[in-house]
Amino acid sequence: MRRISIFGATGSVGVNTVDLINRGGGRAAFDVVALSGGANIALLAEQARNLGARIAVTAYPQHLDELRRALEGSGVEAAAGPDALTEAASRPTDWAMSAIVGVAGLRPTLELAASTRVLALANKESLVCAGALLRARCAAHKTRLLPVDSEHSALWQAMNGEDAAKVRRLILTATGGPFRTWSLAQMANATPAQAVAHPTWDMGQRISVDSASMFNKALEVIEAANLYDMPAAAIEVIVHPQAIVHSMVEFCDGAILAHLGTPDMRAPIGYALNWPDRAPLPVPPLNLETLRQLDFEPPDPLRFPALRLARQVLAAGGGHGAAFNAAKEAALDAFLAGQIGFLDMARLVEDVLDQPYVRAVITQIPRDLNTVLTIDTVARNAAEDWIAKNKGLVSD
Ligand code: NDP
Ligand code: MG
């Protein structure tokens, strides 16, 4: 029986993963080692009971009693806190999903890289903050790292069986998010509720706001560079509002291979789950007759500065990715809390990367987790200073 674990099981990617596991036979077909969640204890307990997990872990110690009560009589072990997450991630599995949101997913992901055979990676922040470290750990433990991000899964499928040296360009598609046609002035006053309303993908709150600002695409450019060893200049972003072409690869002979499908995260999750095989998935088939049209347009660098920042991060290397992500996460929290405006997020990130005391720590290449976390803390502190100085100032 295949042993599996799902970290971030109660989130958007996690719930889709659990859905596929249930459709694939649930506890009768899988030996579920560990499930993790955060504050949604009722869902975590329900998933753990249904799948007969050996352990369920909440990231938050204050929820341990509630989790214990919810699991009473089930035989599922309950645990809480960062150390429990790490311990659960160290338990051997054949396949593991890393779908915690943010840098909080980094430590468990590094642990999974050493304990599982196949690591399905949704937590792109791990690659952005510690790409070299994660890849080295996977290589040392002969763990196969599979992308779950739909764009990176598309690139990987298009490159299947091809010689990587013959790839000329990776073309990442972006939907453009809810503000694709908005003016700068409108975007300056955008509210969190407007930013979360993604037109095509149903995702968690944080990644939805990142899609609206294109910080998500910025993270994905860095993710692609790390996954496929490509220079920033060979990674292009094109806006494609229908979200049908999930990404494309251009080869040295000019051929472009694209991956098309209905936007549904169960497609890339299922590909990673069934890899190296393919199996039917509960994804509605694509109807080209009703679709009729696919549009493409270049992203507007003025309204979406995050893409330019991603290229600067890749050019600078070292710990810039970790600082970029930390500043971006802090900016997102401040925007969701109503402290700063939508466009301030990119301003904050750019200013933080420019702070002398941040620059002093990000020139070093993060070779261990502690260095990454130190950079993360320094950048978050700089972000807090920025927010304290600028909050409440309406800027456009
Ligand atoms: P969600 O916010 O929906 O879920 C996040 C998961 O992580 C939940 O299980 C949540 O628990 C848990 N969690 C939240 N904070 C912490 C923490 N501090 N420590 C440990 N666990 C925590 O996120 P998504 O599913 O949208 O995204 C997950 C990852 O996948 C992200 O890295 C995202 O960028 C990536 N991704 C997501 C896609 C999508 O379609 N959603 C597409 C491509 C990539 P709880 O909810 O119980 O509090
Ligand atoms: Mg994506």
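This is a predicted model, so every value here is computed, not measured.

Sorry, what's going on with the coordination of the magnesium ion (ligand 2) here?
Note on metal sites: the ideal angle is 109.5 degrees for four tetrahedral donors, and 90 or 180 degrees for six octahedral donors. At the metal site, the magnesium ion (ligand 2) is ligated by D149 (OD), E151 (OE) and E220 (OE), and these contacts range over 2.1 to 2.2 Å. With relative accessibility at 8%, the residue D149 sits in the buried group. Since its relative accessible area comes to 7%, E151 is described here as buried.

I'm lost on helix 1 (residues 12-23) in this one. Help?
It helps to recall that an α-helix has 3.6 residues per turn; residues three or four apart then point in one direction. Here helix 1 spans 17 Å end to end across 12 residues, near enough to the 16 Å set by a 1.5 Å rise per residue. Those residues of helix 1 that sit buried are V13, G14, N16, T17, V18, L20 and I21. The inward-facing, buried residues of helix 1 abut strand 1 (2-7), strand 2 (30-37), helix 2 (41-51), strand 5 (93-98) and helix 12 (266-274). Once helix 1 finishes, G25 follows within two positions and takes phi at roughly 115°, a positive value.

Just to check I follow, could you spell out the environment of A56 for this structure?
Relative to the helices and strands, A56 resides in strand 3 (residues 55-58). The sequence separation of A56 and L35 amounts to 21 residues, and the corresponding C-alpha distance is 4.9 Å.

Sorry if this is basic, but what is going on with the sheet that holds strand 3 here?
Adjacent strands of a sheet form backbone hydrogen bonds with each other and so pair up, either parallel or antiparallel. Spatial ordering of the open sheet is given by 4-3-2-1-5-6-7, a layout of seven strands whose pairing is parallel. The sheet terminates laterally at strand 4 (77-80) and strand 7 (144-147), the two strands that pair on one side only. On average, each strand axis in the sheet is inclined to that of its neighbour by 15°, with strand direction left out of account. Two elements, strand 1 and strand 5, share four bridges in a ladder whose sense is parallel. Residue S5 lies in a different strand from strand 5, and its bridge partner there is A96. Sheet strands touched by helix 3 (residues 64-71): strand 3 and strand 4. Its angle to strand 4, the strand with the most contacts, is close to 170°.

Explain the packing of helix 10 (residues 205-213) against helix 11 (residues 215-228) here, please?
Describing two packed helices takes the angle between their axes plus the distance from one axis to the other. Two elements in contact, helix 10 and helix 11, have axes separated by 5 Å at closest approach and are oriented at 90°. With respect to each other, helix 10 and helix 11 are oriented roughly perpendicular. Contacts between helix 10 and helix 11 involve I207, D210, S211 and S213 on the former and, on the latter, F215, N216 and L219. Looking at side-chain class alone, the contact of helix 10 with helix 11 contains three nonpolar, three polar and one charged residues.

Before we go on, may I ask you to explain the domain arrangement of the protein in this structure?
Think of interface size as the accessible area that goes away when the parts come together; that is how it is often given. Domain annotation of the protein identifies domain 1 (2-147), domain 2 (153-274) and domain 3 (317-390). Centre-to-centre, using C-alpha coordinates, domain 1 lies 25 Å away from domain 2. Contacts between the two partners involve 23 residues from domain 1, matched on the other side by 22 residues from domain 2. Summed over both sides, the interface of domain 1 with domain 2 buries roughly 2,000 Å², with 66% coming from carbon and sulfur. Here domain 1 is connected to domain 2 by three salt bridges. Its salt-bridge partner being R266, residue D19 comes within 2.9 Å of it at the nearest N-O pair. For the pair domain 1 and domain 2, the interface holds eight residue pairs in polar contact (both at pLDDT 80 or more). Residue assignment for the side of domain 1 that touches domain 2 shows that the elements contributing at least two residues are helix 1, strand 5, helix 6 (124-140) and strand 7. Counting residues per element, the side of domain 1 that touches domain 2 draws most heavily on helix 1, which supplies eight residues. For the side of domain 1 that touches domain 2, the per-class residue count stands at 13 nonpolar, four polar and six charged.

Is there a simple way to explain the site of ligand 1 in this structure?
Surveying the vicinity of ligand 1 reveals 25 residues, the closest of which are T10, S12, G38, A39 and E125. For ligand 1, an oxygen atom lies 2.7 Å from a polar atom in the side chain of T10. At a separation of 3.4 Å, an oxygen atom of ligand 1 approaches a polar backbone atom of A122. For ligand 1, the accessible surface in isolation is 890 Å², of which the surrounding protein chains cover 85%. Those elements that place two or more of their residues in the shell around ligand 1 are helix 1 and helix 6. Here the residues of the shell around ligand 1 sort into 13 nonpolar, nine polar and three charged. Built from parts of two domains, the shell around ligand 1 gets at least three residues from each of domain 1 (2-147) and domain 2 (153-274).

When you look at the packing of aromatic side chains in this model, what are you seeing that I'm missing?
Think of a pair of aromatic rings as described by two things: how far the centres are apart, and how the planes are tilted against each other in angle. If you walk through the whole model with that rule in mind, you get six aromatic pairs. Their ring planes at 70° and their centres at 4.8 Å tell us that W156 and Y271 sit as a pair that is edge-to-face. One end of the pair, W156, is in helix 7 (residues 150-159); the other, Y271, is in helix 12, and 115 residues separate them in sequence. Between F215 and F324, the aromatic rings sit 5.7 Å apart at their centres with planes inclined by 50°, giving tilted as the arrangement. Residue F215 is found in helix 11, and its partner F324 is found in helix 15 (residues 320-336); the two are separated by 109 residues along the sequence. One aromatic cluster in this structure is built from F179, W182, F335 and F342.

Calculation criteria
All residue numbers here refer to positions counted from 1 along the written sequence of the relevant chain. Each chain is given a letter, starting from A, and each ligand a number, starting from 1, according to the order in which they appear as written. Predicted model: local features are reported for residues with pLDDT of at least 70 only, side-chain atom pairs are reported and counted for 80 or more only, and whole-chain, interface and lining totals are derived from all residues. Side-chain numbers come from the whole structure's heavy atoms, not from hydrogens or water. Donors, by definition, are the N, O and S atoms found within 2.8 Å of a metal, the threshold being 3.2 Å for Na, K and Ca, and water is not counted, so a site can look incomplete. Buried means the residue's accessible area, taken with a 1.4 Å probe over protein chains only, is under 20% of the maximum for its type, while exposed means over 50%, and partly exposed covers the values in between. Every helix listed is a DSSP run of H or I at least four residues long, and every strand listed is a run of E at least two residues long, numbered separately from the N terminus. By this rule the span expected of a helix is its residue count minus one, scaled by 1.5 Å. The criterion used for residue contact is that any of the two residues' heavy atoms lie within 4.5 Å. One requirement defines pairing of two strands: DSSP has to find at least two bridges between them. Structural elements are reduced to axes, namely lines fitted to C-alpha atoms, with helices fitted over the stretch in contact, and the angle between N-to-C directions of any two is expressed from 0 to 180 degrees. Any angle between 65 and 115 degrees counts as roughly perpendicular, while under 35 counts as roughly parallel, over 145 as roughly antiparallel, and the rest as oblique. Polarity classes work like this: nonpolar for Ala, Val, Leu, Ile, Met, Phe, Trp, Tyr, Cys and Pro, charged for Asp, Glu, Lys and Arg, and polar for all others, with Gly in that last group. Domain borders in the structure are assigned automatically or taken from a domain database. Each of two parts loses accessible area, computed with a 1.4 Å probe, when they are put together; buried area is these two losses added. Salt bridges are defined as contacts in which a side-chain nitrogen from Lys or Arg sits within 4 Å of a carboxyl oxygen from Asp or Glu. Think of a polar contact as two N or O atoms within 3.5 Å of one another; within protein, one of them needs to be a possible hydrogen donor and the other a possible acceptor, and neighboring residues in sequence only count if both atoms come from side chains. Definition of nearness: a residue and a molecule or strand are near each other if at least one heavy atom of the residue lies within 4 Å of the molecule or strand. Using the Shrake-Rupley algorithm and a 1.4 Å probe, accessible areas are obtained, with residue cover drawn only from the displayed protein chains. Here a pair means two rings of Phe, Tyr or Trp (six-membered ring of Trp) with centres within 6.5 Å. Their orientation is stacked below 30 degrees between planes, edge-to-face above 60, and tilted elsewhere.

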